[in-house]
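Here is how the chains run, residue by residue.
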Amino acid sequence: MDRFDAMLAFARVVETGSFTKAALTLHMSRTTATQLVQQLEARLRVKLLHRTTRRVQVTADGAAYYERVVRLLAELDDAETSLASASTAPRGRLRVDVPSPLARLVLIPALPAFHAQYPEILLHLGVSDRPVDLIGDNVDCVVRGGTLTNPALVARHVGDLALRVYAAPSYLQRAGTPDHPSALQGPHHRTVGFLWARTGRSLPFDMRRGTERVQAQGHDICAVDDGNAYLTAGLAGLGVLWLPDYMARPHVAAGELVPLLQDWTLDPMPLYVAYPPHRHVSAKVRVFIDWVVGLMAVHAPMK
């Protein structure tokens, strides 16, 4: 038995709750992962996991052992990284998931500079607004806007997206220009809804002007769960939008969107890079996060 492989397999089973998922993330068969954990239990003479046909649960002894194992694995990775970092650049596959508009408008256009600096990193970029199982999907990190709902994730605040209200000229010609956020809730106006993954519904926006505060919900004529589709619906004149500045800016310049309610402000949307707990942050992940921080300093500086 390779003790390193056995400890790694055990840790990944605990994190994914499944031998099948653990095996997939480690690029080995389920049988191999199962045998490694069984051999580890035999060596330790302790039951680390409760197994049923539906789920895998860590025992009390297994939980205590897991905490030590992840520290040992991180220290080993640190030792190898410190020796290699002086002579080698970050390398290998890096799996990242990012929101679709951020990928299209900010990250992908800047990738040539990233690859010029780190030519040995193979970036696999998932582009979506859906929740991602970082362990089960074997993703190194995700970039997400809004409040993170999983407190177990390690998150770094990398920027703040300034939000404003916009509509297409074709919509304003048809419905008129709202002069107050409350007008969006009246019979004459429609909004495009964004379906947040964690709730499955569109959420109201808090808007402020001096001491006045309004929670604007609006009447959705169309609701979508993808940022690019959300923008496209607004450009088609389907309703009023709440957009980050970086998404709206080129369309305002082209006359395709008009800023509304400019004397009102909205709280910025925080932007985070998040990665799994108990997982060592490799050099390739660190340089990617630093690169995102640099981009956001230009496109979404922290308030």
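All of the points below concern the structure found in this document. Here the residue numbering is sequential within each chain, running from 1 through the sequence in written order. Side-chain atom pairs in this predicted model are given and counted only at pLDDT of 80 or more, local residue features only at pLDDT of at least 70, and totals for whole chains, interfaces and linings cover all residues. Note that the side-chain values use all heavy atoms of the structure and ignore hydrogens as well as water.

Thoughts on the sheet that holds strand S13 (residues 258-260)
Think of it this way: DSSP has to see at least two bridges between two strands before they count as a pair. Numbering of helices and strands starts at the N terminus; helices are DSSP runs of H or I of at least 4 residues and strands are runs of E of at least 2. Across the sheet, 3 strands lie side by side as S12-S7-S13; this open sheet has antiparallel pairing. With partners counted over all chains shown, the strands left at the sheet margins are strand S12 (241-244) and S13, one partner each. Neighbour to neighbour, the strand axes of the sheet diverge by 55° on average, direction disregarded. When strand S7 (residues 163-167) meets S13, the two strands line up antiparallel, connected through 3 bridges. Looking across to S13, one finds that Tyr166 is bridged to Pro259. Each of S7, S12 and S13 is contacted by helix H8 (residues 245-253), which is oriented at about 105° to S12, the strand it contacts most. Axis definition: a line fit to C-alpha positions, over the contact stretch in the case of helices; interaxial angles, taken between N-to-C directions, run 0 to 180 degrees. Any two residues having at least one pair of non-hydrogen atoms within 4.5 Å are treated as being in contact.

Here's the deal with the pattern of salt bridges
Any carboxyl oxygen of Asp or Glu that lies within 4 Å of a side-chain nitrogen of Lys or Arg is treated as forming a salt bridge with it. Within the structure shown, the criterion is met by 11 salt bridges. The salt bridge partner of Asp267 is Arg208, with a shortest N-O separation of 2.5 Å. Of the two residues, Asp267 sits in the loop between strand S14 (265-266) and strand S15 (269-275) while Arg208 sits in strand S9 (residues 205-209), which places them 59 residues apart along the sequence. Counted as one network, the salt bridges with shared partners bring together Asp206, Arg208, Arg213 and Asp267.

Here we look at the nonpolar core
The set of buried Ala, Val, Leu, Ile, Met, Phe, Trp, Tyr and Cys residues whose side-chain atoms join them within 4.5 Å is what this entry labels a nonpolar core. Throughout this description, buried means an accessible area under 20% of the type-specific maximum (1.4 Å probe, protein chains only), exposed means over 50%, and partly exposed covers the range between. Counting residues in each nonpolar core, the largest one holds 61 residues, and the members touching the most others are Trp242, Leu243, Phe288, Trp291 and Met296. Broken down by element, this core gets its largest block of residues, 8 residues, from helix H9 (residues 283-299). With residues up to four places along the chain from it excluded, the contact list for Trp242 reads Arg164, Val165, Leu184, Thr191, Phe205, Met207, Ala216, Gln217, Tyr230 and Leu266. Counting 22 residues, the second-largest nonpolar core is a separate cluster that includes Ala23, Leu36, Val69 and Val70.

Some details on the sheet that holds S14
The strand order S10-S9-S14 describes an open sheet built from 3 strands, whose pairing is antiparallel. This sheet does not close on itself; its edge strands, each paired only once, are strand S10 (212-216) and S14. Where S9 lies against S14, 2 bridges are found, and the strand directions are antiparallel. When the bridges of S14 are listed, Met207 appears paired with Leu266.

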